[in-house]
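Read off the chains here:
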Amino acid sequence: MLGRMGWFLIRPDALTVLRNEMVVKALNRYFKVVKNKLPAKFMIAKRLEADFHEDDPLDRLWALHDKLTQEYYRLESKIDCGELSLDDLGEPRRSYLDLKVEIAKRLLRACCFCERRCGVNRAEGELGYCRCGEMFLLSSAFHHIGEEPELVPSGTVFSIGCNLTCLHCQNWTISQHMEPGEPLTPRELAAVVTKLRREGCRNCNMVGGSPTPWLHAWLEAFKYVEVNVPTVWNSNSYYSVEAAKLLRGFIDVYLLDFKYGSDECAVRISNAPDYVEVCRRNHLTALESGELIIRILLLPEHIECCGKPILKWIRENLGDWVRVNIMDQYRPHWRAHEVPELRRRLRHEEYVEAVKYAKSIGLLNLA
């Protein structure tokens, strides 16, 4: 592990990014939480009272959740402008975060966290597409200095399992359960998050594989996190409407992949039906719910069918200032040889073409 500030020698851009007006505009609240000038969303969620019982039907819990989500954002606005503080809210017996945990546990019995909606009872040991059970499986947790500069050093927590099967996955030993993983209880997971923050990480970066199968565990873990740390949802964007609702008022920064601009490509490479519609929906919801960083991993020979349509949609639907990372680090991994065009690396001219196109249509905030 690098010293508390040694990372800036390797990533000086992690400091200079703080003076970038466009980045600060896109991630204004996040930076204030990093500096402990504002509380992370989960800390506010723990102070918002929720009157429910474990035997309440699920539809009542959802109705209460919808009501409290509106109240949550009202409170967040007042806290952000200095009208209220966390202490003004007190510590309720049951909170908005507790309600999220209860709903997530119910959903685990007929799992619908991701868009596949397998419907298996993971609480009773049944496994769906992602092959994830009930207890969180940790691959690794460390100070990551390879992320976007605004996230570095990022407290990344890699979980086992994924709800996609990307044939070129660089983390395939994690996503495909080639590693056994270390089982962690929510309290143990909370201790990992706390340690990383106290060691100087800017955030808790929930990643994998995919964090989506472990939504129930992440929500419960933050009941026991007492340090102020921004939450980062580092996702492939293939999660359900229900998951998106539970993420509201919990996630500070959505770090979302936009993998494909074509459903045909999504199915052929990642076995992800309806990916484009789902991904677009979740990007729109993310920008309404928190702050957003979009990752586009360019694939060889997919600039016209995927790269450019993605960038065009972002500009037309999310604005010119949204933070976009056009990534050129594609390398053939795992089963990439099964897709002819993925057998080679991305050419530099392909990357340049995508970046030029992004600038030509007016995207201003490229990482």
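Everything here concerns the structure above.
What counts, and at which threshold
Residues numbered from 1 in each chain as written. Predicted model: local features only at pLDDT ≥ 70, side-chain atom pairs only at ≥ 80, totals over all residues. Heavy atoms only, no water. Salt bridge = Lys/Arg side-chain N within 4 Å of Asp/Glu carboxyl O. Helix = DSSP H or I, 4+ residues; strand = E, 2+ residues; numbered from the N terminus. Buried < 20%, exposed > 50% of the residue type's maximum accessible area, 1.4 Å probe, protein only. Axes fitted to C-alpha atoms, helices over the stretch in contact; angles between N-to-C directions. Parallel < 35°, antiparallel > 145°, perpendicular 65-115°, else oblique. Left-handed = near helix turned anticlockwise from the far one by under 90°. Contact = heavy atoms within 4.5 Å. Nonpolar A, V, L, I, M, F, W, Y, C, P; charged D, E, K, R; others polar. Pairing = 2+ DSSP bridges.

A.B. asks: Sorry if this is basic, but what is going on with the pattern of salt bridges here?
C.D. replies: Close approach of charged atoms allows side chains with opposite charge to pair. Following the criterion strictly, the structure yields 28 salt bridges and no others. In this structure, the salt-bridge partner of R323 is E150, at a minimum N-O distance of 2.9 Å. Of this pair, R323 sits in strand β8 (residues 323-327) while E150 sits in the loop between β1 (136-144) and β2 (154-159), and the two are 173 residues apart along the sequence. Here R323 falls in the buried class, since its relative accessible area comes to 3%. Residue classification places E150 among the buried positions, given a relative accessible area of 0%. The salt bridge involving R344 is made with E350; its shortest N-O contact spans 3.0 Å. Side by side, R344 and E350 carry an identical accessibility label, which is buried. Residues participating in the shared-partner salt-bridge network are R29, K41, E76, D80 and D252.

A.B. asks: Help me out: how do you make sense of the packing of helix α15 (residues 303-317) against helix α16 (residues 348-360) in this one?
C.D. replies: Axis angle and axis distance: for two packed helices, these are the angle between their axes and the distance between the axes, and together they describe the pair. Where α15 contacts α16, the axes come no closer than 10 Å and their chain directions differ by 25 degrees. Of the possible angle classes, the one that applies to α15 and α16 is roughly parallel. As α15 packs across α16, the resulting crossing turns out to be right-handed. Counted together, I303, E304, K308, L311 and K312 of α15 and E350, E353, A354, Y357 and A358 of α16 form the full contact between these two elements. Split by residue class, the contact of α15 with α16 holds 5 nonpolar, no polar and 5 charged.

A.B. asks: What should I look at first to understand the sheet that holds strand β6 (residues 253-257) in this one?
C.D. replies: Strands pair in a sheet through their backbones, by hydrogen bonds, and they do so in one of two ways: parallel or antiparallel. Strands sit in the order β3-β1-β2-β4-β5-β6-β7-β8 across an open sheet of 8 strands; the sheet is mixed. Pairing within the sheet leaves two strands with one partner each, and these edge strands are β3 (182-184) and β8. Each adjacent strand pair in this sheet contributes to an overall mean axis angle of 30 degrees, direction not counted. Summarising the sheet, strand β4 (residues 204-207) and strand β5 (residues 231-235) pair through 3 bridges and their orientation is parallel. Within the sheet, the bridge partner assigned to N205 lies in β5 and is V232. Packed onto the sheet, helix α14 (residues 275-289) meets β6 and β7 (291-297) and runs at close to 165 degrees relative to β6.

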